[in-house]
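The lines below spell out each chain.
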Amino acid sequence: MTQPSEPSAFQRWSAPLLLRLAALPRWSLVVGLVVLVSAGLLLPGWPGALVLVVLAALLAWLAALGWSRYTPGAALLRGLTVALVLYAAARK
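The present account deals with the structure reproduced in this document. (Residues numbered from 1 in each chain as written. Predicted model: local features only at pLDDT ≥ 70, side-chain atom pairs only at ≥ 80, totals over all residues. Heavy atoms only, no water.)

A separate point is a nonpolar patch on the surface. Where nonpolar side chains cluster on the molecular surface, the patch consists of Phe10, Trp13 and Leu17 and spans about 310 Å² of accessible area. Mapped onto the secondary structure, Phe10 falls in helix α1 (residues 9–23). Phe10 gets classed as partly exposed once you look at its relative accessible area, which sits at 33%. (Patch = residues over 30% accessible without salt bridge, like charges linked within 9 Å, V, L, I, M, F, W, Y side chains within 5 Å. Areas by Shrake-Rupley, 256 points an atom, 1.4 Å probe, with all protein chains shown as cover. Salt bridge = Lys/Arg side-chain N within 4 Å of Asp/Glu carboxyl O. Helix = DSSP H or I, 4+ residues; strand = E, 2+ residues; numbered from the N terminus. Buried < 20%, exposed > 50% of the residue type's maximum accessible area, 1.4 Å probe, protein only.)

Of note, Ser14 is situated in helix α1. Accessibility expressed as a relative area gives 0% for Ser14, which makes it buried. Excluding residues within four positions of it along the chain, Ser14 makes contact with Trp61 and Leu65. (Contact = heavy atoms within 4.5 Å.)

Another aspect to go through is the nonpolar core. Counting 7 residues, the largest nonpolar core is built from Ala49, Leu52, Leu55, Ala56, Val82, Val85 and Ala89. When contributions to this core are tallied by element, the ones reaching two or more residues are α3 (45–65) and α4 (72–91). In terms of residue count, the dominant contributor to this core is α3 (4 residues). Contact partners of Ala56, with chain neighbours within four places excluded, come to Val82, Val85 and Leu86. (Core = buried A, V, L, I, M, F, W, Y, C linked by side-chain atoms within 4.5 Å.)

Function cannot be inferred from these measures alone, as they are strictly geometric.
Here's what the structure looks like:
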(Lines give C-alpha, C1' and ligand atoms only; values in the text may rest on other atoms or scores of the structure.)
Protein backbone atom coordinates (compact mmCIF):
# COMPACT_ATOMS: atom_id res chain seq x y z
CA MET A 1 0.00 0.00 0.00
CA THR A 2 1.33 3.45 -0.88
CA GLN A 3 1.34 6.25 1.61
CA PRO A 4 -0.38 9.51 0.70
CA SER A 5 2.02 12.15 -0.53
CA GLU A 6 2.53 15.44 1.23
CA PRO A 7 0.14 18.11 -0.11
CA SER A 8 1.73 20.76 -2.29
CA ALA A 9 1.77 24.44 -1.38
CA PHE A 10 -0.97 24.98 -3.96
CA GLN A 11 -3.15 22.33 -2.30
CA ARG A 12 -2.52 23.77 1.16
CA TRP A 13 -3.41 27.26 -0.11
CA SER A 14 -6.59 25.92 -1.73
CA ALA A 15 -7.78 23.90 1.28
CA PRO A 16 -9.64 26.74 3.09
CA LEU A 17 -11.39 27.76 -0.13
CA LEU A 18 -12.40 24.18 -0.84
CA LEU A 19 -13.75 23.81 2.69
CA ARG A 20 -15.92 26.89 2.14
CA LEU A 21 -17.18 25.51 -1.16
CA ALA A 22 -17.90 22.14 0.44
CA ALA A 23 -19.90 23.83 3.20
CA LEU A 24 -22.30 25.38 0.69
CA PRO A 25 -25.44 23.50 -0.28
CA ARG A 26 -24.85 21.43 -3.43
CA TRP A 27 -27.61 23.18 -5.34
CA SER A 28 -25.96 26.58 -4.81
CA LEU A 29 -22.82 25.46 -6.66
CA VAL A 30 -24.87 24.26 -9.62
CA VAL A 31 -26.93 27.46 -9.65
CA GLY A 32 -23.74 29.54 -9.40
CA LEU A 33 -22.19 27.78 -12.39
CA VAL A 34 -25.39 28.17 -14.43
CA VAL A 35 -25.51 31.88 -13.56
CA LEU A 36 -21.85 32.36 -14.57
CA VAL A 37 -22.26 30.52 -17.87
CA SER A 38 -25.51 32.32 -18.68
CA ALA A 39 -24.18 35.74 -17.76
CA GLY A 40 -20.98 35.16 -19.68
CA LEU A 41 -22.80 34.09 -22.82
CA LEU A 42 -25.62 36.65 -22.64
CA LEU A 43 -23.73 39.78 -21.60
CA PRO A 44 -22.34 41.65 -24.61
CA GLY A 45 -18.70 42.58 -25.11
CA TRP A 46 -16.08 42.73 -22.40
CA PRO A 47 -18.42 42.25 -19.40
CA GLY A 48 -19.44 38.84 -20.78
CA ALA A 49 -15.84 38.02 -21.63
CA LEU A 50 -14.76 38.94 -18.10
CA VAL A 51 -17.36 36.61 -16.57
CA LEU A 52 -16.20 33.78 -18.86
CA VAL A 53 -12.55 34.36 -17.92
CA VAL A 54 -13.50 34.16 -14.22
CA LEU A 55 -15.37 30.92 -14.97
CA ALA A 56 -12.35 29.53 -16.87
CA ALA A 57 -10.07 30.43 -13.94
CA LEU A 58 -12.38 28.63 -11.52
CA LEU A 59 -12.51 25.54 -13.72
CA ALA A 60 -8.73 25.57 -14.23
CA TRP A 61 -8.16 25.89 -10.47
CA LEU A 62 -10.41 22.92 -9.73
CA ALA A 63 -8.80 20.88 -12.52
CA ALA A 64 -5.29 21.69 -11.30
CA LEU A 65 -6.09 20.45 -7.81
CA GLY A 66 -6.73 16.91 -9.01
CA TRP A 67 -4.56 16.85 -12.13
CA SER A 68 -2.22 14.10 -10.90
CA ARG A 69 -5.17 11.74 -10.30
CA TYR A 70 -6.80 12.12 -13.72
CA THR A 71 -6.54 9.59 -16.49
CA PRO A 72 -5.17 11.06 -19.73
CA GLY A 73 -8.69 11.18 -21.20
CA ALA A 74 -10.14 12.96 -18.17
CA ALA A 75 -7.26 15.46 -18.16
CA LEU A 76 -7.82 16.14 -21.85
CA LEU A 77 -11.55 16.79 -21.31
CA ARG A 78 -10.86 19.19 -18.46
CA GLY A 79 -8.27 21.03 -20.50
CA LEU A 80 -10.63 21.25 -23.47
CA THR A 81 -13.39 22.59 -21.24
CA VAL A 82 -11.19 25.41 -19.99
CA ALA A 83 -10.01 26.10 -23.54
CA LEU A 84 -13.60 26.21 -24.83
CA VAL A 85 -14.63 28.72 -22.17
CA LEU A 86 -11.59 30.87 -22.97
CA TYR A 87 -12.41 30.63 -26.69
CA ALA A 88 -15.95 31.84 -25.96
CA ALA A 89 -14.47 34.73 -23.96
CA ALA A 90 -12.11 35.65 -26.81
CA ARG A 91 -15.02 35.66 -29.27
CA LYS A 92 -16.74 38.33 -27.16
